[in-house]
Amino acid sequence: MAIFGWILIVASFVVAFIGTFYPIIPSVVFMLLGYVIYGLFFSFSELGWLFWVIQALFIVLLFSADMAANAFGVKKFGGTKAGVWGSTIGLIFGPFVIPVAGILIGPFLFAVLAELIVTREGLKQALKSGVGSLIGFLTSTVVKIIILAVMLVIFIMFI
C-alpha cells in the first residue's frame, strides 16, 4: 500500500510540474494534492503548522509571480492593457486551438491581435507586445519551476 501511495504522490508532483508548461493544469492544486495524499497514506504529523505556513507563502508567491511576469513582459515591450488581456486569453485558448504549439503561439498571437484591434498603433508595436508576452510567459515558467522545486525540497525536508 505504501508503494501505491508514493506512486500517487510522485504522479501529483509530476503533474504539478507539467502544469508550469501547460497553464490549464493548476500546478498548485497538484502540489497540495501530493501533500494531502502523503498525509492520508502515511501521516500528517510530520507536516505541522510551520510546513503549511511556508507552503502557503510559496503559493502566494507562485500566483503573484505568474500574473506579474506576463503583464511585465507585455508592458516592458510597450504593450498596453489590451496586449496583457490578449496574451492571457491566448494563454487559455491557444493550447486548445493549436495543440502543443498553441501554448507559445496563442499568447503571442492574441497579444498582437488585441494591440492591433484596440490601440491601432501599427504592426511593429503589436509584434513587440507579442514578443513581450512570449518572454513574460517563458520567464513565468522558469520562475514557477523554481518555486515548485523549492516547495518540493521543503516537503522532502519535513518528511
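Our subject is the structure that appears above.
Note that the coordinates shown come from a computational prediction; the quantities given were computed from them, not determined experimentally.

Engineer: Where do I start with the overall build of the protein in this structure?
Structural biologist: Within the protein, the regular secondary structure consists of six helices and zero strands. When the helices and strands of the protein are placed in sequence order, the string is α-α-α-α-α-α. Here the C-alpha coordinates of the protein stretch approximately 60 × 30 × 15 Å along the principal axes. Looking at the protein as a whole, 38% of its 159 residues qualify as buried. The centroid of the 7 positive side-chain charges in the protein is displaced by 13 Å from the centroid of its 4 negative side-chain charges.

Engineer: Honestly, the packing of helix α2 (residues 27-41) against helix α6 (residues 123-158) in this entry has me stumped. Any pointers?
Structural biologist: A pair of packed helices is characterised by two quantities: the angle between their axes and the separation of those axes. Contact pair α2 / α6: the axes reach a minimum separation of 11 Å and the direction vectors enclose 10 degrees. Between α2 and α6, the interaxial angle falls into the category roughly parallel. Mapping the contact onto sequence places S27, M31, Y35 and Y38 in α2 and L148, M151, L152 and F155 in α6. Here the contact of α2 with α6 is composed, by residue class, of seven nonpolar, one polar and no charged.

Engineer: Sorry, what's going on with the nonpolar core here?
Structural biologist: The nonpolar side chains of a soluble globular protein tend to be buried, and buried together. Core analysis: the biggest nonpolar cluster contains 19 residues, and M31, Y35, M151 and F155 have the highest contact counts within it. Looking at this core, the elements with two or more residues in it are α1 (2-21), α2, α3 (49-76) and α6. Here M31 is in contact with F13, A16, F17, L148 and M151, once residues within four sequence places are set aside.

Engineer: Explanation requested: α2 in the structure shown.
Structural biologist: Think of an α-helix as 3.6 residues a turn; residues three or four steps apart then line up on the same face. The terminal C-alpha atoms of α2 lie 21 Å apart, and with 15 residues this matches the ideal 21 Å at 1.5 Å per residue to within 8%. For α2, the complete set of buried residues consists of S27, V28, M31, G34, Y35, I37, Y38 and G39.

Engineer: What is the right way to read the packing of aromatic side chains from this model?
Structural biologist: In total, this model carries 13 aromatic pairs according to the counting rule given. Note on W6 and F42: the rings are 5.3 Å apart at their centroids and 35 degrees apart in plane angle, and the pair reads as tilted. Of this pair, W6 sits in helix α1 while F42 sits in the loop between α2 and α3, placing them 36 residues apart in sequence. Judged by relative accessible area, W6 falls into the partly exposed class, the value being 35%.

Engineer: I would appreciate a short explanation of the side chain of S12 in the present structure.
Structural biologist: Looking at the element boundaries, S12 is found in helix α1. A residue is classified by how much of its surface remains accessible, and S12, at 5% relative accessible area, is buried. Here S12 is in contact with F30, L33, G34 and I37, once residues within four sequence places are set aside.

Reading the values: rules and limits
Residues numbered from 1 in each chain as written. Predicted model: local features only at pLDDT ≥ 70, side-chain atom pairs only at ≥ 80, totals over all residues. Heavy atoms only, no water. Helix = DSSP H or I, 4+ residues; strand = E, 2+ residues; numbered from the N terminus. Buried < 20%, exposed > 50% of the residue type's maximum accessible area, 1.4 Å probe, protein only. Lys, Arg positive; Asp, Glu negative; His and termini not counted. Charge placed at Lys NZ, Arg CZ, Asp CG, Glu CD. Axes fitted to C-alpha atoms, helices over the stretch in contact; angles between N-to-C directions. Parallel < 35°, antiparallel > 145°, perpendicular 65-115°, else oblique. Contact = heavy atoms within 4.5 Å. Nonpolar A, V, L, I, M, F, W, Y, C, P; charged D, E, K, R; others polar. Core = buried A, V, L, I, M, F, W, Y, C linked by side-chain atoms within 4.5 Å. Expected span 1.5 Å × (residues − 1). Phe/Tyr/Trp six-rings, centres within 6.5 Å; stacked < 30°, edge-to-face > 60°.

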